[in-house]
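Residues per chain, in single letters:
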Amino acid sequence: MNLRELVSALNDFASPALAESWDNVGLLVEPSPPHTVNTLFLTNDLTEEVMEEAVQKKADLVLSYHPPIFAPLKRVTWKTWKERLVVRALENRIGIYSPHTAYDAIPHGVNNWLTKGLGTCTSVPLHPSTAPSSPAEGTHRVEFCADAEHLDAVLSKIKDIPEISCLTTLPVRVEGEEQTRVSLNCSQKALLEVVALLSQNSLLYHKTEILLLQKPLLPHTGMGRLCTLSEPLSLSDTVERIKGHLGLSHIRLALGAGRTLESPVKKVALCAGSGSSVLKGTEADLYLTGEMSHHDVLDAVANGISVILCEHSNTERGFLSELRDALTVHLQNKINIIVSEKDRDPLQVA
């Protein structure tokens with residue numbers, strides 16, 4: 001596939017607009033066009049060892065779940081390892097694409113895969129995503145009626161206010177009088193100017209309606225998951241299930257106040273990767289994530305919530321095999337998709 005065609009297909013699989021605002025997702029490194037992709041190489045982290053593997057396996061595009069370019073690069077030299085990744089990629093005509101938190105949000109993404117380690121359960125996003133495109137431009141809609149005497153003067157002044165869109169007029173009959181219904185969309189800043197203008201005429205102002213434009217929530221889409229198990233499990237059994245799902249011999253466990261290994265687990269709040277900000281304040285029997293700050297663990301424990309930490313990328317990496325299969329179908333078997341064998345969490349149990 002042509003690189004740009006493939007990127008478009010990847011964006012359809014998980015819209016970059018679903019990623020968190022602080023994230024750096026999408027195509028990060030692009031070889032000079034035209035660039036054909038025969039082999040797509042999947043990894044959780046793009047390290048130099050993984051890049052060497054991609055070169056040896058003749059990859060044309062690396063899909064790295066974590067963006068290897070996050071903080072801006074001021075130069076591309078051989079001095080730092082992230083700069084060397086870019087050099088190696090371009091020298092070998094390998095593109096780099098990163099989905100990161102877009103894959104966290106989608107219903108068929110990383111967090112959904114993580115829930116499968118709990119057994120049969122229902123889950124909902126902890127922080128639901130809104131539709132990437134707003135139903136209309138602006139944050140507010142303003143509607144009012146004006147008679148012919150005031151209409152032209154008001155419209156003239158409104159059109160001078162920045163950040164106003166979708167301005168429409170419609171003839172209406174109000175209390176037996178011919179009037180014009182004016183509707184416009186505007187930003188929060190412009191709203192203040194519009195209201196100030198309309199308040200100069202009490203007749204207009206008292207006929208004004210202001211609506212807040214909100215983006216609709218997307219079903220089953222968003223950050224984190226709150227899982228309700230079909231049958232309660234003991235904490236010890238839950239630990240074993242998670243270890244088996246992630247292929248780990250050890251996890252870190254903090255018992256909630258008043259809890260034991262035999263305490264029942266019915267509700268689990270989880271977040272792949274680093275879960276402190278996503279999980280904080282959620283009522284559950286158990287928090288499951290890769291890493292949390294020390295003080296957030298203490299807060300959870302004090303509230304009777306047990307915490308399981310598996311190290312950051314261990315809660316994500318297993319998704320790559322499922323992703324390979326999903327993308328094979330999504331891309332209609334047009335390219336070869338392989339998963340890195342060198343990719344691993346940097347923290348090991350010694």
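Everything numeric here is computed off the predicted structure, so don't read it as measured data. Every chain is numbered independently, its residues counted from 1 as its sequence is written. In keeping with the predicted nature of the model, local features appear solely for residues at pLDDT of at least 70, side-chain atom pairs appear and are counted solely at 80 or more, and the whole-chain, interface and lining totals rest on all residues. Note that water and hydrogens are dropped before the side-chain values are worked out from all heavy atoms of the structure.

**So, unusual backbone geometry**
One can expect most non-glycine residues to show negative phi and most peptide bonds to be in trans. Note that the residue after proline 33, namely proline 34, is joined by a cis bond; omega there is 0°. In this description a helix means any DSSP run of H or I spanning at least four residues, a strand means any run of E spanning at least two, and both kinds are numbered starting from the N terminus. Within the fold, proline 34 resides in the loop between strand E1 (26–29) and strand E2 (39–43). One non-glycine residue with positive phi stands out, namely arginine 93, at about 50°. Note on placement: arginine 93 falls in the loop between helix H3 (81–91) and strand E4 (95–98). Located in the positive-phi region is glutamate 163, a residue other than glycine, with phi close to 65°. With respect to the helices, strands and loops of the structure, glutamate 163 is situated in the loop between helix H6 (148–158) and strand E7 (164–174).

**Section: the UniProt feature "binding site: a divalent metal cation" (unreviewed entry) in the chain**
According to UniProt, the "binding site: a divalent metal cation" (unreviewed entry) feature falls on His66, Asp104, His312 and Glu316. Over a stretch of 251 residues, the named residues converge on one spot in the fold, their C-alpha atoms separated by at most 13.4 Å. Working rule for contacts: check all heavy atoms of both residues, and any pair within 4.5 Å makes them a contact. Aspartate 104 has contacts with Tyr65, Val110, Asn111, Gly222, Met223 and Arg225, leaving out every residue within four places of it along the chain. Assignment of secondary structure puts glutamate 316 in the loop between strand E14 (306–309) and helix H12 (319–330). Excluding its chain neighbours within four sequence positions, the residues that come into contact with glutamate 316 are Asn44, Tyr65, His66, Val110, Trp113, Ala272 and Gly273. In protein, a polar contact means a hydrogen-donor-capable atom and an acceptor-capable atom, both N or O and within 3.5 Å, with residues adjacent in sequence counting only if both atoms are side-chain atoms; elsewhere, any N or O pair within 3.5 Å suffices. A polar side-chain atom of glutamate 316 sits 3.2 Å from a polar atom in the side chain of histidine 66. UniProt positions are given in the numbering used here, feature names are shortened, and annotations may be inferred rather than shown by experiment.

**Thoughts on the nonpolar core**
Proteins that are soluble and globular tend to have nonpolar side chains buried together. The set of buried Ala, Val, Leu, Ile, Met, Phe, Trp, Tyr and Cys residues whose side-chain atoms join them within 4.5 Å is what this entry labels a nonpolar core. Exposure is judged per residue with a 1.4 Å probe applied to protein chains only, and the accessible area is read against the type maximum: over 50% gives exposed, under 20% gives buried, and values in between give partly exposed. Grouped together as the largest cluster of nonpolar side chains are 64 residues, with contacts concentrated most on Tyr103 and Leu327. Segment limits for the domains were obtained from an automatic or database-derived domain assignment. Here this core spans two domains, and each of domain 1 (3–103) and domain 2 (106–129 + 220–312) adds at least three residues to it. Excluding anything up to four places from it in sequence, leucine 327 contacts Leu10, Phe13, Leu40, Leu42, Leu63, Tyr103 and Ile337. Within the second largest apolar cluster, 17 residues are counted, among which are Leu151, Val154, Leu155 and Val194.

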